[in-house]
Amino acid sequence: MKPFTTPVPNVITRRWHLVDCEGQTLGRLATKIAHLLMGKGDVDFSYHQDRGDYVVVTNAALIQVTGDKPKTKIYHHYSGFPGGLKSQSFGELMAKDPSVVITHAVMGMIPKNKLRSRRITRLKIFSGSEHPYSDKLNG
């Protein structure tokens, strides 16, 4: 029986995945994206290593949410200073920058540890269908 060996980081090969948001629900799509970023689908997955893949998200402006969330879902940002609490609804944030909504949802699905920032940098989000990573995507 062979002993278990941990792969060296320079041996890790990362794949590129294309995710189209058109007609998709935000929460379900964020779960799939987080799964790919962490590499949980790989047979050699381990919690203490960053072995995930790159994810290119297109048509972010066409993502959907259920119910009355475009008006009732509120995103808060606090600057740390008195009177620095800023709030925006889902609809306002989608009109301004749809990539922030998807990034926020995916960040909530990734474990809060030291690998989180490295994993989220492999997420590339575009509002339309055009992106510069066509040559890197897996067939």
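Along each chain, residues carry numbers from 1 onward, in the same order as the chain's sequence is written. Where local features are concerned, this predicted model is filtered to residues with pLDDT of at least 70; where side-chain atom pairs are given and counted, the filter is 80 or more; whole-chain, interface and lining totals use all residues. For the side-chain quantities, the full set of heavy atoms in the structure was used; hydrogens and water were omitted.

Asker: I'd like to hear about the environment of glycine 41, residue by residue, with values.
Answerer: Runs of H or I in DSSP of at least four residues are treated as helices and runs of E of at least two as strands, each being numbered from the N terminus. With respect to the helices and strands, the residue glycine 41 is situated in the loop between helix H1 (26-38) and strand S2 (54-58). Considering only alpha carbons, one finds glycine 41 and glycine 52, 11 residues apart in sequence, at a separation of 9.0 Å.

Asker: Any chance you could break down the sheet that holds strand S5 (residues 123-125) for me, citing the residues and the numbers?
Answerer: When DSSP finds two or more bridges between a pair of strands, those strands are recorded as paired. In spatial order, the strands read S1-S2-S5; together these 3 strands make up an open sheet with parallel pairing. Two strands close off the open sheet at either side, each with one partner strand: strand S1 (16-20) and S5. Sheet twist, expressed as the average angle between the axes of neighbouring strands with direction ignored, equals 20 degrees. In this sheet, S2 lies alongside S1 in parallel orientation, the contact comprising 5 bridges. Looking at S2, one finds that leucine 18 is bridged to valine 56. For every element, the axis is a line fit to its C-alpha atoms; helices are fit only across the contacting stretch, and the angle between N-to-C directions ranges from 0 to 180 degrees.

Asker: Talk me through the pairing of strand S3 (residues 74-78); I want residue IDs and the actual numbers.
Answerer: By the bridge criterion, 5 bridges tie S3 to strand S4 (residues 85-89) in an arrangement that is antiparallel. Its bridge partner being in S4, tyrosine 75 is matched across the sheet by glutamine 88. In textbook terms, the turn of a hairpin is the stretch between consecutive antiparallel strands, and for S3 and S4 this stretch comprises 6 residues, one of which, glycine 80, has a positive phi near 100 degrees.

Asker: I'd like to hear about the packing of aromatic side chains, residue by residue, with values.
Answerer: Each Phe, Tyr or Trp ring (for Trp, its six-membered ring) is paired with any other whose centre lies within 6.5 Å, and the angle between the two planes then decides the class: stacked below 30 degrees, edge-to-face above 60, tilted in between. The final tally for this structure, using the stated rule, is 4 aromatic pairs. Taking 4.9 Å as the distance between ring centres and 75 degrees as the angle between the ring planes, the aromatic pair formed by phenylalanine 45 and tyrosine 47 counts as edge-to-face. The rule is simple: take the accessible area with a 1.4 Å probe, protein chains only, and divide by the maximum for that residue type; under 20% is buried, over 50% is exposed, in between is partly exposed. Residue tyrosine 47 is classed as exposed on the basis of its relative accessible area, which comes to 63%. Every member of this aromatic cluster is reached through a ring pair, and the members are Trp16, Tyr54, Phe126 and Tyr133.

Asker: I'd like a rundown of the pattern of salt bridges, residues and numbers included.
Answerer: Salt bridge, as used here, is a side-chain nitrogen of Lys or Arg placed within 4 Å of a carboxyl oxygen of Asp or Glu. In the structure shown here, the tally under the stated rule is 7 salt bridges. Between arginine 51 and aspartate 44 there is a salt bridge whose closest N-O contact spans 2.4 Å. Overall, aspartate 44 belongs to the partly exposed group, its relative accessible area being 35%. Between arginine 119 and aspartate 50 there is a salt bridge; the shortest N-O distance is 3.6 Å. In this pair, arginine 119 sits in helix H5 (residues 116-120) while aspartate 50 sits in the loop between H1 and S2, placing the two residues 69 residues apart along the sequence. Both residues of the pair, arginine 119 and aspartate 50, count as buried. One salt-bridge network, held together by shared partners, links Arg14, Asp50, Arg119 and Arg122.

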